[in-house]
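Read off the chains here:
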Amino acid sequence: MMKWWMNSMWGFWLVLLTFSLGLATGIYYVWLKGNI
Amino acid sequence: MFDFMIAGVQAPIFLLVFVGFTVGIVGGFIGVGGGYMVTPALIVFGFPGYMASGIDMTHIAGKGLVSTLRHRQLGNIDWTLALTMVAGTMLGVELGVRTLVYFKNLGIAGVVLLVTSVVVMFSLFLYTQIETRRSHRALDVMKSEGREIGRELHTSSLPKFFQSINLAPIVRCRTARVVVSMWVIVLVGVVTGFLAGFLGVGGGFIRVPALVYLVGASTHIAVGTDLVEIVFSGGYGALRHSIEGHVDMMAVVFMISGALFGAQIGSIATAYVRGPAIRYVLSYSLILATFGSVMRLIYVLTGQKVEWLSLIAVMLTLGEMIFLCLFIISLLYFARRNKRGAWVPEWVKPLVIS
């Protein structure tokens, strides 16, 4: 399954983007909430 | 939390170093200053808008210098092209700023700016993405036929048209291996400078595709040459902002400390990939920035009442930096694995140098 995601450029793109947006959400809630 | 006394805000040091590092990688790899990512991020961290622009510009000047030096070592700078374009860029920036002031006086600058940036970024994304996919497929075919593949391949026919304009003086750009009318280079400088001045950005994301698709330079040369422009424009911007008191040097120091490492990694990574890989990252950066601008545009048009739209714009700003940075590091990792003969995804093979 993982290899399928990696072998497709769009799949890799999606996995990476989801992870990045998740990390950005984490950063927002841990460090920035209330600061904006 | 660190107390930035000049800016009058408290922000985590770690995040500033982190932003400097990630945007350093992206900037060194695709040849942009990254102002369209950094300024919104600094505003998110609590810095006032004018201070965010000043800190961003000053950090871009320092980071641009580091990336330029590294790209010079890699032989990615065409000085003839860079210095010919500077004059046109300066003129274009001045025209862009004056147009912006005109719209500001009409009271519609905010919406016009957002609409223009969305249209420009989305058009560039579309063209870059379609052309790069075509090049990727062509590289795939060449690889399967066992043919020799160089560092660059682009399938656009636009450079042939611009290089055929026979208007003296004709400039020979030796490193870029391009022979083109000086007026074409100046015109590219004016147009990209105009958009940069109007949108209030450094303009790397417009200049790199313009150098590749209009002048006909290879992507690596376009990246290195554009960074020279960024040192000039960033340096001038940093000076202007410092005189106006828009720069908190402590914030710049923290960002530069991350960018120093990031810019080196990003610049060195270009030596491991072919041109289309750089153009892919550029087009991804454009589409994500477009989404961020669309969210901000809807937020402004709805009277700044729908809070979750602003939150999504924040996520996209931070997410974009992390995503692009991870994508570049992944390409670097796959390129090294490919060199060792280890397994790498099929789509990566034509994009990296083995």
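The coordinates are above.
Below you will find a few notes about this structure. Quick caveat, the model's predicted, so the values are computed rather than measured. (Residues numbered from 1 in each chain as written. Chains lettered and ligands numbered in written order. Predicted model: local features only at pLDDT ≥ 70, side-chain atom pairs only at ≥ 80, totals over all residues.)

### Section: the overall build of chain A
For chain A, the helix and strand inventory stands at two helices and zero strands. Counting the 36 residues in chain A, one finds 8% classified as buried. (Helix = DSSP H or I, 4+ residues; strand = E, 2+ residues; numbered from the N terminus. Buried ≥ 20, exposed ≤ 12 C-beta atoms within 10 Å, placed from the backbone.)

### Notes on the overall build of chain B
Broken down by element type, chain B carries twelve helices and four strands. For 354 residues, the compact-globule estimate of 2.2 N^0.38 gives 20 Å, and chain B sits close to it at 20 Å. A total of 354 residues make up chain B; the buried ones form 55% of that total. (Rg over C-alpha atoms; globule rule 2.2 N^0.38 Å.)

### Brief notes about the interface of chain A and chain B
Each side of the interface is counted separately: chain A has 17 residues, and chain B has 16 residues. Every element with two or more residues in the side of chain A that touches chain B is listed here: helix H1 (2-7) and helix H2 (9-32) of chain A. In terms of residues, the side of chain A that touches chain B owes the most to one element, H2(A), which gives 13 residues. Of the residues contributing to the side of chain A that touches chain B, the split by class is 13 nonpolar, four polar and no charged. (Contact = placed C-beta atoms within 7 Å. Nonpolar A, V, L, I, M, F, W, Y, C, P; charged D, E, K, R; others polar.)

### Quick word on helix H9 (residues 219-244) of chain B
Note on helix geometry: an α-helix contains 3.6 residues per turn, so any two residues three or four positions apart are oriented the same way. For H9(B), built from 26 residues, the straight-helix expectation of 38 Å at 1.5 Å per residue is met to within 8% by its first-to-last C-alpha distance of 36 Å. Gly245(B) sits one or two positions beyond H9(B) and adopts a positive phi of about 75°. (Expected span 1.5 Å × (residues − 1).)

### Quick look at the nonpolar core
Counting residues in hydrophobic clusters, the biggest one holds 115 residues, and the most contacted among them are Val281(B), Ile328(B) and Leu331(B). Top element by residues in this core is helix H12 (residues 307-340) of chain B. It accounts for 17 residues. (Core = buried A, V, L, I, M, F, W, Y, C linked by C-beta atoms within 7 Å.)

### As for unusual backbone geometry
All names here are of chain B. Omega for the peptide link from Ala168 to Pro169 comes to -5°, which places this bond in the cis form. Of note in the backbone geometry, Arg177 takes a positive phi value of approximately 55° without being a glycine. Considering the arrangement of structural elements, one finds Arg177 in the loop between strand E3 (170-173) and strand E4 (178-181).

### What to know about the packing of helix H1 (residues 13-30) of chain B against helix H3 (residues 49-73) of chain B
All names here are of chain B. Running from amino to carboxyl end, H1 crosses H3 at an angle of 45°, the nearest separation of the two axes being 10 Å. For the element pair H1 / H3, the angle class is oblique. Note on packing geometry: the crossing formed by H1 with H3 is right-handed. For the pair H1 and H3, contact is made by Gly20, Gly24, Gly27 and Gly28 and by His59, Lys63, Ser67 and Arg70, respectively. When the residues that make up the contact of H1 with H3 are grouped by side-chain class, the tally is no nonpolar, six polar and two charged. (Axes fitted to C-alpha atoms, helices over the stretch in contact; angles between N-to-C directions. Parallel < 35°, antiparallel > 145°, perpendicular 65-115°, else oblique. Left-handed = near helix turned anticlockwise from the far one by under 90°.)

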